[in-house]
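Examining the three-dimensional arrangement
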Amino acid sequence: MTRRSCAIYATGIVCAHLLIVGIALVVAQVFQTMIHSRLKKEITLTEKSQMFESWKNPPPPVYMEYYFFNVTNPEVFLAGGKAALKQIGPYTYREYRPRENVTFLENGTKLYALNPKTFVFVPEKSAGNPEVDIVRTVNIPFVAIMSELNSYSFFLRTLVSMYINSLGVEVFMSRTVHEVLWGFKDPLLTKVHSMKPEVDEHFGLMWKKNGTHEGEFVFHTGEENYMDFGKIDTWNGMREMSWWSSNQSNMINGTDGAVFHPLIHRNELLYIFAADLCRYGHVLRRWLYICAPIVVSFPHFYQADPKYINAVDGLNPNKEEHETYLDLQPTTGVPIRACKRAQLNIILKRVQGFPKTKFINETIFPIMFVNETATVDDESAAQMRTMLLIVTLVSNFPLLIVGMGIILLLVLVVLFCRNRQKKTVKDDTAYTQVSDKPDEPSETPASQPTRNGSYIAMSPVEAQKC
C-alpha cells in the first residue's frame with residue numbers, strides 16, 4: 001500500500017469518527033445539559049458566599065438624576081386655569097448601596113440582608129446647585145392634611161382652614177431643591193407635631209433616606225429551585241403591603257433588580273420590587289398617620305392617557321427620555337444596563353371648607369421624577385465576556401467536532417479524486433522512442449505515403465508528418 005493510500009484511509013477513518021461522535025453529541029445535547037445542570041445545581045455555602053460577594057457590593061456605579069417641575073403660574077391654576085410647568089434639573093447624586101449583615105438562613109435556602117444607601121452630589125453631572133436653585137411646587141403636607149380632613153365635618157374643615165391661613169401656609173410653596181429633596185422643618189407639621197409628637201415636623205421627599213437602609217430583606221438563594229434565585233421572600237417581615245390602593249400594588253414579588261435567575265427565556269415575565277417607591281407611601285403615612293393622595297407614573301405621564309398629559313402645560317413624553325428598561329444577559333441573569341424612571345404626582349382637587357381650592361379643577365399634579373441609571377463597569381464586562389466565551393465554546397463543542405469532520409470529508413474527496421485521476425493517466429498513456437537514425441528507403445504499400453524525418457507518436461493516435 002502506497003503512502004498516498006495510507007493517508008486517504010487514515011483521513012477517512014478520522015472523518016467518520018468525528019462525524020459520528022459530533023452528531024451523537026449534538027442530538028444528545030450532552031454539553032448543553034452539562035452547562036445548564038451546572039447553573040442549576042445546588043452549591044455549597046462556601047460557593048454561595050463567593051457568589052454573593054459581588055452581590056454584596058454591586059460594582060456598577062448607580063446615579064440618581066432628580067428633575068423637578070417648577071410651577072410658573074400658581075395663581076392661574078388656583079383660579080381654575082391650567083398649570084404651566086417648567087422642568088428643571090437634573091440634580092445628580094452618586095448612589096452607594098452595599099449589602100450589610102448578610103446571613104444565610106434555613107440551611108442556605110434563604111439570605112438575610114440590609115441595603116443601606118448613601119447619596120453624594122455630583123456637580124459635574126448636574127444642571128445647577130440644589131442648595132441655591134428655588135423650585136415652586138405643591139405643598140404636599142398641606143394637601144395631605146386637606147385630604148385627611150375631607151371625611152370630617154364641614155365646620156371642622158373650616159376651622160382648620162382658618163388656622164392654616166393664619167400661619168401663612170399656601171397650596172404652593174417655594175423652597176430650594178435641597179430642601180424639597182432632603183428635608184426642612186415645615187411650619188404646618190411643626191404645629192401638628194406639638195399636638196401629636198409621633199408626627200415628624202420635617203418634610204422632604206428623601207427625608208431620612210440618605211445613609212439609611214430600605215428595610216430588612218430576606219432573599220431566596222435558589223438552592224431548592226434555581227428559578228427562585230434572588231427573589232424576595234419578605235421585606236420588613238411582610239409578604240405584602242397595605243398602604244397602596246390595589247392588591248397588585250401591595251404585592252412583594254420578584255427580585256430587587258440587582259440579580260435574576262440564570263437561563264432566562266426570551267418571553268419570560270420578570271418582576272422587580274421597587275422598595276424606594278414603596279417608601280414614599282410609607283414615609284408619607286409616617287409623617288401624618290394618614291395616606292397622602294400620591295400617584296406614581298412614568299415621567300411626563302409617558303404611556304398614560306392623553307387627558308393627564310393635557311391637564312397641564314409643559315409635558316413632552318417620549319420613549320428615549322422617559323422609558324424604563326433593563327438589559328439582561330440571559331445565560332447568567334446578570335443586569336448589563338438598567339434605567340428606572342418614575343414620577344411622583346399628587347392629586348389636587350376641591351375640598352369643601354378650604355376656600356383656596358374652590359376653583360381648582362381636579363388634576364394629577366406632577367411634582368418631580370427620578371432617573372436611576374446603572375451600567376456594568378469595564379472590569380465586570382470583561383469577566384462576563386470571558387465567561388460567556390467559555391460557555392459558548394463548551395456549548396458548541398459538538399458542532400465544532402461536526403465541522404472538523406465535514407472539513408476532513410472534503411479533504412478525503414479531493415485526495416480520492418486526485419489519486420484516481422493520476423492512476424487513469426498512467427494506465428492510458430504510452431510513449432514512442434524518437435529515432436536518431438537517417439531515414440532509409442523501405443518497401444511500403446502503395447496506399448501508405450512515405451514519411452520523412454523523426455517523429456513522436458502517442459498511441460493509439462496516428463502520428464502526423466513533422
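Residues numbered from 1 in each chain as written. Predicted model: local features only at pLDDT ≥ 70, side-chain atom pairs only at ≥ 80, totals over all residues. Heavy atoms only, no water.

As annotated in an unreviewed UniProt entry, the protein is Lysosome membrane protein 2 from Liparis tanakae. In UniProt, the protein has this text filed under Sequence similarities (unreviewed entry): "Belongs to the CD36 family." On record in UniProt, under Subcellular location (unreviewed entry), the comment for the protein is "Membrane". (UniProt positions renumbered as here; feature names shortened; annotations may be inferred.)

According to the stated counting rule, one finds 15 aromatic pairs in the structure shown. One aromatic cluster in this structure is built from Tyr66, Tyr93, Phe119, Phe121 and Trp182. Sitting over the face of the ring of Tyr63, Arg94 holds its NZ or CZ atom 5.7 Å from the ring centroid. Taking the ring centre of Tyr63 as reference, the NZ or CZ of Lys125 above it sits at 5.0 Å. (Phe/Tyr/Trp six-rings, centres within 6.5 Å; stacked < 30°, edge-to-face > 60°. Lys NZ or Arg CZ within 6 Å of the ring centre and 35° of its normal.)

It is worth spelling out unusual backbone geometry at this point. For the bond running from Gly89 to Pro90, omega is 10°, close enough to zero to count as cis. Secondary-structure assignment places Pro90 in strand β2 (residues 85-96). The phi torsion at Glu106 lies on the positive side, around 50°, for a residue other than glycine. Note on placement: Glu106 falls in the loop between β3 (100-105) and β4 (110-121). (Helix = DSSP H or I, 4+ residues; strand = E, 2+ residues; numbered from the N terminus.)

Leu188, Leu189 and Val192 are the residues of helix α8 (residues 187-195) that are buried. For α8, the angular spread of buried residues about the axis comes to 90°, placing them on one side. Residue Asp186 occupies the N-cap position of α8, its side-chain oxygen lying 3.0 Å from the main-chain nitrogen of Leu188. (Buried < 20%, exposed > 50% of the residue type's maximum accessible area, 1.4 Å probe, protein only. Arc of directions from axis to C-beta. Polar contact = N/O pair within 3.5 Å; in protein donor to acceptor, adjacent residues only side chain to side chain.)

We now examine the confidence of the model for the protein. Confidence in the prediction of the protein, expressed as mean pLDDT, is 80, and 74% of residues score 70 or more. Across the protein, element-level confidence peaks in strand β5 (residues 134-138) with a mean pLDDT of 98 and bottoms out in helix α9 (residues 275-288) with 53. Here residues 42-48 scores under 50 on pLDDT; set against residues more than four positions off or in separate chains, the count is 11 contacts. A low-confidence stretch, residues 449-466 (pLDDT under 50), is modelled with 22 contacts involving residues beyond four sequence positions or located in other chains. (pLDDT = per-residue confidence, 0-100. Contact = heavy atoms within 4.5 Å.)

A word on helix α5 (residues 140-149). Burial analysis of α5 places 8 of its 10 residues in the buried class, which makes it a mostly covered element. Considered for burial, the residues of α5 that qualify are Ile140, Pro141, Phe142, Val143, Ala144, Ile145, Met146 and Leu149.

Now for the side chain of Glu372. One can find Glu372 in strand β14 (residues 363-375). At a separation of 2.4 Å, a polar atom in the side chain of Glu372 contacts the side chain of Arg97. Contacts of Glu372, omitting those with residues within four sequence positions, involve Val62, Tyr63, Met64, Glu95, Arg97, Asp276, Ala338, Cys339 and Lys340.

Within strand β1 (residues 62-71), 9 of the 10 residues are buried, which leaves the element mostly enclosed by the surrounding structure. Sheet analysis places β1 next to β14, joined by 7 bridges and oriented antiparallel. Paired with Tyr63 across the two strands is Thr373, which belongs to β14. Relative to β2, β1 runs antiparallel, the two being bridged by 9 bridges. Its bridge partner lying in β2, Val62 is registered against Glu95. (Pairing = 2+ DSSP bridges.)

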